[in-house]
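# Summary of the model geometry
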Amino acid sequence: MTSMTSQEDLSIQYPAPTVKRAERAMRCLPFQLPLFAEMRSASVPLPLVAGKEGFEQNYTSRQMSELAVEGGLIWLIQVGILRREVDGQGITDSFRLTPLGRQLVEKWEHQGNTLPPPSFLDWFLNTLSRWLRLPV
């Protein structure tokens, strides 16, 4: 007897504070849902996200320097949304979603296909957590 299991049944269950912190980080940074949707299926190099090109691709809500983009993407690595791609010679400048990131992107695609705007409290807690590296 064979049983069918849906992808949702196989998804990793994360602690609520982990999910909340990850959602907050994604909403507070100037990255858009199309960037995360692209990272779900392919790695995205840092130069494609930075500057005019990232803004034109709707990856960011404003033009950003490579340094600012990298800082934001590294924060998303630290909260568990992204991972950096590795090739045969080491770490690359490309990023992909983790399973947690995939779950959040799918959730927001089904809830209007956009990232909800952060509240002032979200922004404050994310900034505090990022600066002090607190697990808020």
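Anyway, here's the lowdown on the structure attached to this text. (Residues numbered from 1 in each chain as written. Predicted model: local features only at pLDDT ≥ 70, side-chain atom pairs only at ≥ 80, totals over all residues. Heavy atoms only, no water.)

## Re the packing of helix H3 (residues 33-41) against helix H7 (residues 99-110)
Note the following rule: The axes used here are C-alpha line fits, helices contributing only the stretch in contact, and every angle between their N-to-C directions lies in the interval 0 to 180 degrees. The helix count covers DSSP runs of H or I at least four residues long, the strand count covers runs of E at least two residues long, and both are numbered beginning at the N terminus. Our angle categories are set so that under 35 degrees counts as roughly parallel, over 145 as roughly antiparallel, 65 to 115 as roughly perpendicular, and the remainder as oblique. Two helices crossing with the near one rotated counterclockwise from the far one by less than a right angle form a left-handed crossing, whereas a clockwise rotation gives a right-handed crossing. In this description, contact between two residues means that some pair of their heavy atoms is separated by no more than 4.5 Å. Just so you know the grouping, Ala, Val, Leu, Ile, Met, Phe, Trp, Tyr, Cys and Pro go in nonpolar, Asp, Glu, Lys and Arg go in charged, and all remaining residues, Gly too, go in polar.
Contact geometry for H3 and H7: axes closest at 10 Å, N-to-C directions at 130°. Taken together, the axes of H3 and H7 lie oblique to each other. The way H3 lies across H7 gives a crossing that is left-handed. Residue-level inspection shows Leu 33, Phe 36, Ala 37 and Arg 40 of H3 in contact with H7, the latter providing Arg 102, Val 105, Glu 106, Trp 108 and Glu 109. The residue inventory of the contact of H3 with H7, partitioned by class, reads five nonpolar, no polar and four charged.

## Topic: the packing of aromatic side chains
Basically, it comes down to this: Ring geometry is summarised as follows: Phe, Tyr and Trp rings, the Trp one being its six-membered ring, pair when their centres sit within 6.5 Å, and such pairs are stacked at plane angles under 30 degrees, edge-to-face over 60 and tilted between the two. Each residue is placed in one exposure class: buried if its accessible area under a 1.4 Å probe, protein chains only, is under 20% of its type's maximum, exposed if it is over 50%, and partly exposed if it falls in between.
Under the definition given, this model contains two aromatic pairs. Aromatic side chains Phe 31 and Phe 36 sit 6.4 Å apart centroid to centroid with 85° between the ring planes, which places their arrangement in the edge-to-face category. The two residues Phe 31 and Phe 36 agree in class, both being buried.

## Details of a nonpolar patch on the surface
Rules: Patch membership is restricted to residues that have no salt bridge and whose relative accessible area is over 30%. Joining uses 9 Å for like charges and 5 Å for the nonpolar side chains Val, Leu, Ile, Met, Phe, Trp and Tyr. Accessible surface area values rest on a Shrake-Rupley calculation with a 1.4 Å probe, where residue burial reflects the displayed protein chains alone. A pair is scored as a salt bridge if a Lys or Arg side-chain nitrogen falls within 4 Å of a carboxyl oxygen belonging to Asp or Glu.
A contiguous nonpolar surface patch, about 490 Å² in accessible area, is contributed by Phe 120, Leu 121, Trp 123 and Phe 124. Counting through the fold element by element, Phe 124 comes out in helix H8 (residues 120-132). Classification of Phe 124 by relative accessible area gives partly exposed; the value is 41%.

## Regarding the environment of Gln 32
As for its placement among the helices and strands, Gln 32 is situated in the loop between helix H2 (16-28) and H3. Taking the C-alpha atoms as reference points, Gln 32 and Arg 62, 30 residues apart in sequence, are found 9.9 Å from one another. Contacts of Gln 32, omitting those with residues within four sequence positions, involve Asn 58, Tyr 59, Thr 60, Ser 61 and Leu 115.

## Some thoughts on the nonpolar core
This is how it is decided: By nonpolar core is meant a set of buried Ala, Val, Leu, Ile, Met, Phe, Trp, Tyr and Cys residues that side-chain atoms within 4.5 Å join together.
In terms of nonpolar packing, the biggest core is built from 29 residues, with Phe 31, Phe 36, Leu 76 and Ile 81 touching the most fellow members. With residues up to four places along the chain from it excluded, the contact list for Phe 36 reads Met 26, Phe 31, Leu 76, Leu 82, Leu 97, Val 105 and Leu 115.

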